[in-house]
Amino acid sequence: MDSTVNTKRLFIASCFALLTTAFAFGIRAGIMNDLVADMSLDDSQLGWINFMGIFGFPIATLIGGPMYNTLGPKKIGNIAFVSHILGITLSIMSSSFTMLFCSTFFISFGNGMVEAAYNPMIAAMYTEKRAVMLNRFHVWFPGGIAIGSVLALLVANMGGTWQIKLAIMYVPALIYFVMFLGQKFPEAPKETTVSTSGNLKAIFSSPIYWLMLVCMALTATTELGTQSWVERILHNSGAQPMLVLALVTGLMAVGRLFAGPLIHKLNITGVLLASSVIAAISIFLMSMATGPMVYVAAILFAVGVCYFWPTMISFVAEYLPQTGALGMSLIGGVGMLGLSIFQPIIGGWIEGHRADLTADGLTGEALELAAGQATLANIAMIPIILIGAFIVVFFWQKKQKPAH
């Protein structure tokens, strides 16, 4: 690493960029009921807002990944900042479903550009401990959701509007922009610096990469699909949904911060397999829990989904390095694409279960609780599929050697 590259400052600035992304998720989860009240949105429309809040991410990674070899993290990061500021501002100004739907795209596009710029940059700066440092970088996604959800709750308790909640996102966005100003950025390690066409050749020639793309869509939906709907699903469970979200994401942040020993003990795919088992059990428990037991199930859920996202990206960096920055960006993009597709599906599950349970005679809070729990049972099937997939990947990985 060039001694003129201030790796510590670049890493901290990257964390603030990811904090901006996390605030988008945490704060949006905390304004869903506000949007219902202010704009008279239904659950299907909320699903489409969540869809657009994610859909820009894979679009950005599909653009930013191939451009990384040419533009580098600095210019891609600048695109992320402009997109964030534009998206936040237009969202605050929104007065209708259509305007909010469109403006939310810019925020999610900026989120995707953050991943496209800084995952490969961190992999380049820390070649000897990529998995550990990528986990530490991704501490700030659940950490940011926890902070954002608590801030949204505080603003709500003070009588603040959903526009004020969104305005909080300006703070980390401006910090990361200032911290990156005037900095020298690292060059990519030799094993990843093949041409974009070489990256594409490595991607298309690797069946395991394609399997991991499918797994990424499912791990992202298991983690973030559940969190995105926490306020609507758990509103009548006897637990405070935003405290559940803060608890889950806070524990995830701590887990990622100390991920090193666990990764060394179980290896990357062992972590993914164990996580899938715990996630499936925890979501099933959450689908039956009420009152204090919701918090117990949430703690187990945090353990289950904690390592999914950064460990999936670490897998590509360690075992499929010739896919380069494009490989890391694409897998993150597919994760968000899968999650975005599931958003209106989850909204439809809630409405479908509500209709069926209404026909069975349920009404009021009992109806909403039962519909939310039935939806969680649907989501729990996703990590069960992952268990089988990661068993295959586990035995493949045992025959491979990580890149250094």
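In this text the structure is predicted, and so the values were computed from the model without any measurement. Going along each chain's sequence as written, the residues are numbered from 1 onward. Predicted model: local features are reported for residues with pLDDT of at least 70 only, side-chain atom pairs are reported and counted for 80 or more only, and whole-chain, interface and lining totals are derived from all residues. Side-chain numbers here rest on the full set of heavy atoms in the structure, without hydrogens or water.

K.L.:
Can you help me understand the overall build of the chain in this one?
P.N.:
Strands are runs of DSSP state E lasting at least 2 residues, helices are runs of H or I lasting at least 4, and numbering of each runs from the N terminus. When its secondary structure is counted, the chain shows 19 helices and zero strands. C-alpha atoms define the radius of gyration, and 2.2 Å times the number of residues to the power 0.38 defines the globule rule. Relative to the compact-globule value of 22 Å for 404 residues, the chain shows a C-alpha radius of gyration of 20 Å, a close match. Along the longest, intermediate and shortest principal axes, the C-alpha atoms of the chain span 65 × 45 × 35 Å. Taking all 404 residues of the chain together, the buried fraction comes to 58%. Whether two residues are in contact is decided by their heavy atoms, any of which lying within 4.5 Å being enough. Considering only intrachain contacts with a sequence separation of at least 6, the fraction spanning at least 24 residues in the chain is 85%. Carbon and sulfur atoms make up 69% of the accessible area of the chain, which totals about 15100 Å². The sign given to each residue is positive for Lys and Arg and negative for Asp and Glu; His and the chain ends receive no count. A charged residue contributes its charge at one atom only: NZ of Lys, CZ of Arg, CG of Asp or CD of Glu. Across the chain, 19 positive and 17 negative side-chain charges occur, with their mean positions spaced 18 Å apart. Any residue under 20% of the maximum accessible area for its type is buried, any over 50% is exposed, and the rest in between are partly exposed; the area is computed with a 1.4 Å probe on protein chains only. Per-residue and other accessible areas were derived by the Shrake-Rupley procedure at a 1.4 Å probe size, with only the shown protein chains allowed to occlude residues.

K.L.:
Quick question: what am I supposed to make of the pattern of salt bridges here?
P.N.:
A side chain of one charge can pair with a side chain of the opposite charge when the charged atoms of the two come close. When a carboxyl oxygen of Asp or Glu lies within 4 Å of a side-chain nitrogen of Lys or Arg, that pair is called a salt bridge. Applying the stated rule across the entire model yields three salt bridges. For Arg 256, the salt bridge identified is with Glu 223, shortest N-O distance 3.6 Å. Of this pair, Arg 256 sits in helix H12 (residues 241–257) while Glu 223 sits in helix H10 (residues 207–228), and the two are 33 residues apart along the sequence. Judged by relative accessible area, which is 2%, Glu 223 ranks as buried.

K.L.:
Even after reading the chapter, I still don't get unusual backbone geometry, so can you show me in this structure?
P.N.:
The bulk of non-glycine residues show a negative phi, and the bulk of peptide bonds are trans. Positive phi, normally seen in glycine, also occurs at Ser 40, with a value near 55°. Tracing the backbone through its elements, the reader meets Ser 40 in the loop between helix H2 (32–39) and helix H3 (43–92). Overall, the relative accessible area of 60% leaves Ser 40 in the exposed class.

K.L.:
How should helix H17 (residues 324–359) be read in this particular structure?
P.N.:
Residue pairs spaced three or four apart in an α-helix point in one direction, given the helix's 3.6 residues per turn. A helix is expected to span 1.5 Å for every residue after the first. When the terminal C-alpha atoms of H17 are compared, their 53 Å separation across 36 residues agrees well with the 52 Å that a helix rising 1.5 Å per residue should span. Downstream of H17 by one or two residues, Gly 361 has phi in the positive range, about 105°.

K.L.:
What is the right way to read the environment of Ala 29 from this model?
P.N.:
Summarising the element assignment, Ala 29 is placed in helix H1 (residues 7–29). Judged by relative accessible area, Ala 29 falls into the buried class, the value being 3%. The spacing of Ala 29 and Pro 241 is 212 residues in sequence and 9.5 Å in space, taken between C-alpha atoms.

K.L.:
Explanation requested: the packing of aromatic side chains in the structure shown.
P.N.:
What characterises a pair of aromatic rings is the spacing of the ring centres plus the angle enclosed by the ring planes. Working definition: a ring pair exists when centres of Phe, Tyr or Trp rings (six-membered ring for Trp) sit within 6.5 Å. Plane angles under 30 degrees give stacked, over 60 give edge-to-face, the rest tilted. Per the stated rule, a full pass over the model turns up 18 aromatic pairs. Ring centres of Trp 48 and Phe 51 lie 5.1 Å apart, and the angle between their planes is 70°; this geometry places the pair in the edge-to-face category. Highlighted residues: Trp 48 and Phe 51, both in helix H3, separated by three residues, approximately one helical turn. Seen from their ring centres, Tyr 118 and Phe 180 are 4.8 Å apart, and the 15° between their planes marks the pair as stacked.

K.L.:
Whenever I open this one, the nonpolar core confuses me. Can you help?
P.N.:
Where a protein is soluble and globular, its nonpolar side chains tend to be buried together. Within the largest apolar cluster, 124 residues are counted, with the highest numbers of intra-cluster contacts made by Ile 331 and Phe 390. Setting aside its immediate chain neighbours within four residues, Phe 390 contacts Met 212, Cys 215, Thr 219, Leu 272, Leu 273, Ser 276, Phe 308 and Met 312. Only buried Ala, Val, Leu, Ile, Met, Phe, Trp, Tyr and Cys residues count toward a nonpolar core, and they belong to the same one when joined by side-chain atoms within 4.5 Å.

K.L.:
Explain empty space enclosed by the protein here, please?
P.N.:
Using only the protein atoms, space was sampled on a 1 Å grid; points where a 1.4 Å probe fits but cannot get out form cavities, open sets with protein on both sides within 12 Å along at least five of seven lines form pockets, and lining residues are those with an atom within 4 Å of a point. Grid points are joined across faces, edges and corners, and a volume is the space filled by probe spheres set on the points. Tallied over the full model, the rule gives six cavities of 30 Å³ or more. Considered as a void within the structure, the second largest cavity measures approximately 100 Å³ in volume. Together, Ala 24, Arg 28, Ile 31, Leu 35, Ile 49, Ser 91, Leu 100, Thr 104, Ile 107 and Leu 166 line the second largest cavity. For the lining of the second largest cavity, the secondary structure elements donating two or more residues are H1, H3 and helix H4 (97–125).

K.L.:
Explain the packing of H17 against helix H18 (residues 364–379) here, please?
P.N.:
In a packed pair of helices, the relevant descriptors are the angle between the two axes and the axis-to-axis distance. Where H17 contacts H18, the axes come no closer than 8 Å and their chain directions differ by 130°. If you check the angle between H17 and H18, you find them oblique. In the crossing of H17 with H18, the sense of the turn from one axis to the other is right-handed. In this structure, H17 uses Ile 346, Trp 349, Ile 350, His 353, Arg 354, Leu 357 and Thr 358 to contact H18, whose residues at the interface are Leu 367, Glu 368, Ala 370, Ala 371, Ala 374, Thr 375, Asn 378 and Ile 379. Residue composition of the contact of H17 with H18, grouped by class: nine nonpolar, four polar and two charged. Note on geometry: axes are lines fitted to C-alpha atoms, helical ones only across the stretch in contact, with angles between N-to-C directions running from 0 to 180 degrees. Here the word oblique covers every angle except those under 35 degrees (roughly parallel), over 145 (roughly antiparallel) and from 65 to 115 (roughly perpendicular). Left-handed is the label given to a crossing in which the near helix is rotated counterclockwise from the far helix by less than a right angle, and right-handed is the label when the rotation is clockwise. Following the grouping adopted for this structure description, the nonpolar residues are Ala, Val, Leu, Ile, Met, Phe, Trp, Tyr, Cys and Pro, the charged ones are Asp, Glu, Lys and Arg, and the polar ones are all others, Gly among them.

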